[in-house]
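Summary of structural features
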Amino acid sequence: MRRPMVAGNWKMHGTRASVAELTEGLRNLALPSGVEVAVFPPALFINQVIDGLADKGIIVGAQNSAVQPEQGALTGEVAPEQLVEAGCKLVLIGHSERRQIIGETDQVLNRKFAAAQAKGLKPVLCIGETLEEREAGKTLEVVGRQLSSIIEAFGVKAFANAVIAYEPVWAIGTGLTATPQQAQDVHAAIRGQLAAEDAEVAAKVQLLYGGSVKAANAAELFGMPDIDGGLIGGASLNADEFGAICRAAGN
Ligand code: 13P
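Residues numbered from 1 in each chain as written. Predicted model: local features only at pLDDT ≥ 70, side-chain atom pairs only at ≥ 80, totals over all residues. Heavy atoms only, no water.

1. Details of the overall build of the chain
Convention followed: Helix numbering and strand numbering both begin at the N terminus, where a helix is a DSSP run of H or I of at least 4 residues and a strand a DSSP run of E of at least 2. For the radius of gyration, the atom set is restricted to C-alpha positions; the globular benchmark scales as 2.2 Å times the number of residues to the power 0.38. Note on exposure labels: buried denotes an accessible area under 20% of the residue type's maximum, exposed denotes more than 50%, and partly exposed covers the range between, all computed with a 1.4 Å probe on protein chains only. Computed by Shrake-Rupley with a 1.4 Å probe, the accessible areas treat only the displayed protein chains as cover when residues are assessed. Lys and Arg are tallied as positive, Asp and Glu as negative. Neither His nor the chain termini are counted. One atom stands in for each charge, and that atom is NZ of Lys, CZ of Arg, CG of Asp or CD of Glu.
Counting its regular elements, the chain contains eleven helices and eight strands. At 17 Å, the chain has a C-alpha radius of gyration in line with the 18 Å of a compact globule built from 251 residues. If one aligns the C-alpha atoms of the chain with their principal axes, the spans along those axes are about 45 × 45 × 35 Å. Out of the 251 residues in the chain, the part that is buried amounts to 51%. Accessible surface for the chain amounts to roughly 11100 Å². Of this, 51% is attributable to carbon and sulfur atoms. Counting 21 positive and 28 negative side-chain charges, the chain places the centres of these two groups 3 Å from one another.

2. Observations regarding the pairing of strand β4 (residues 90–93)
Put simply, the rule reads: Consider the strands pointing away from the viewer: the crossover is right-handed when the path from the first strand over the helix to the second runs clockwise.
What you see with β4 is no split at all: L90 and L92 on one side and V91 and I93 on the other are buried throughout. Considered for its hand, the β-α-β crossover made up of strand β3 (residues 59–62), helix α3 (residues 80–86) and β4 is right-handed.

3. Overview of the packing of helix α10 (residues 215–222) against helix α11 (residues 239–250)
Applied cut-off: Every angle, taken between N-to-C directions, lies between 0 and 180 degrees, and every axis is a line fitted to C-alpha atoms, over only the stretch in contact when it is a helix. The cut-offs work like this: below 35 degrees is roughly parallel, past 145 is roughly antiparallel, 65 to 115 is roughly perpendicular, and the gaps in between are oblique. Each helix crossing is assigned a hand: it is left-handed if the near helix lies turned anticlockwise from the far helix by less than a right angle, otherwise right-handed if that turn is clockwise. By definition, residues are in contact when any of their heavy atoms lie within 4.5 Å.
Two elements in contact, α10 and α11, have axes separated by 9 Å at closest approach and are oriented at 20°. In terms of their interaxial angle, α10 and α11 are classed as roughly parallel. Crossing geometry of α10 relative to α11 is assigned as right-handed. Facing A215, A218, A219 and F222 of α10, the residues of α11 in contact are E241, A244, I245, A248 and A249.

4. With respect to the pattern of salt bridges
Test applied: Any Lys or Arg side-chain nitrogen found within 4 Å of a carboxyl oxygen on Asp or Glu counts as a salt bridge.
Per the counting criterion, the structure on display carries twelve salt bridges. One salt bridge in this structure joins R98 and E104, with 3.0 Å as the shortest N-O distance. Relative accessible area serves as the criterion here: at 21%, R98 is assigned to the partly exposed category. The partner of R99 in a salt bridge is D106, and the shortest N-O contact between them spans 2.9 Å. Overall, R99 belongs to the buried group, its relative accessible area being 15%.

5. What to know about the site of the ligand
To keep things clear, this is the line we draw: By convention in these notes, a residue is near a molecule or strand provided one of its non-hydrogen atoms lies within 4 Å of it. Within 3.5 Å is the distance limit for a polar contact, defined as a pair of N or O atoms, with the added protein rule that one can donate a hydrogen and the other accept it, and that residues adjacent in sequence qualify only through two side-chain atoms. In the scheme used here, Gly and all other residues not listed as nonpolar or charged are polar, with Ala, Val, Leu, Ile, Met, Phe, Trp, Tyr, Cys and Pro taken as nonpolar and Asp, Glu, Lys and Arg as charged.
Around the ligand, a shell composed of N9, K11, H95, E167, A171, I172, G173, G211, S212, L231, G233 and G234 is seen. A distance of 2.9 Å is found between an oxygen atom of the ligand and a backbone nitrogen or oxygen belonging to G233. Within the backbone of G234, one N or O atom sits 2.8 Å away from an oxygen atom of the ligand. Bound to the protein, the ligand loses 95% of the 310 Å² it would expose on its own. A per-class count over the shell around the ligand returns three nonpolar, seven polar and two charged.

6. A closer look at the sheet that holds strand β7 (residues 207–210)
What counts is decided by this rule: By definition, two strands form a pair when at least two bridges between them are found by DSSP.
The sheet built from eight strands closes into a barrel, its strands ordered β1-β2-β3-β4-β5-β6-β7-β8 with parallel pairing. On average, each strand axis in the sheet is inclined to that of its neighbour by 25°, with strand direction left out of account. Bridging between strand β6 (residues 163–166) and β7 involves three bridges; their strand directions are parallel. Note on β7: the bridge partner recorded for A165 is L208. Contacts from helix α7 (residues 139–154) reach β5 (122–127) and β6, with the element oriented near 155° to β5.

7. As for the nonpolar core
Rule in force here: Among buried residues, those of type Ala, Val, Leu, Ile, Met, Phe, Trp, Tyr and Cys that are joined through side-chain atoms within 4.5 Å constitute a nonpolar core.
Counting residues in hydrophobic clusters, the biggest one holds 62 residues, and the most contacted among them are F159, I190, L194 and F222. Counting residues per element, this core draws most heavily on α11, which supplies six residues. For F159, the contacting residues outside a window of four places in its chain are F113, L125, L147, I150, I151, I164, L194, V201 and V205. Ranked by size, the runner-up nonpolar core spans twelve residues in total, among them L92, V124, C126 and L208.

8. Here's the deal with unusual backbone geometry
Notably, K11 is not glycine yet its phi reads approximately 50°, a positive angle. With respect to the element layout, K11 can be found in the loop between β1 (5–9) and α1 (16–27). If you check the backbone angles, S212 has positive phi at about 55° while not being a glycine. By the element assignment, S212 lies in the loop between β7 and α10. Judged by its relative accessible area of 18%, S212 falls in the buried class.

So this is what it looks like as structure tokens:
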């Protein structure tokens, strides 16, 4: 009943020329019809990518958005209202690089989550533990706390219009992928935590796995019962590799 989703997070990569090339590669892909495919370019290139992907059916999202829904005096930020006008449908909230390098807290992320939903921009909430936390046996506690932050602020029904991405920090950009069973265990716990509050919301929400996903390991990960697709970093910068990952989600 859940449609798989494969989303490419381009992070802070790209130039006008490389983005044009990647967009052209995406246009030429044969994509499986049952899979929602999305890309998250740097904000500077969102318009270019939306123009380049016209009619392709690939969803475009933003990697970040402001704590307030509307445009205003907030230097350096982009408002959900502006992203929606540009044609964005999704926004990443709480990627570990923003939590760790920029210092975004659960309080700030709650405001971003709500501001996005207020304008109809669907948040993709990113959660995940560090290696230190995993080795201390704290994975479910950390992920549970990141999820609770939203549930306590807005109620579990906020996830009727959101996506969750589980991205263990130790697997991001390292080549270390969680095993399908490790990822499934955390995904089952996430869905269980939501189900304890609302079974319907839990059954419907798409749970993506992220962390060194590539064409060679995607099918095995996506074959797990609670893994509904992936959030892809490095491998999404190559259109053919990304297309192969999308096809793995369609099988
Ligand atoms: P990699 O696929 O490069 O490990 O990155 C994952 C990620 O952070 C996606 O948001």
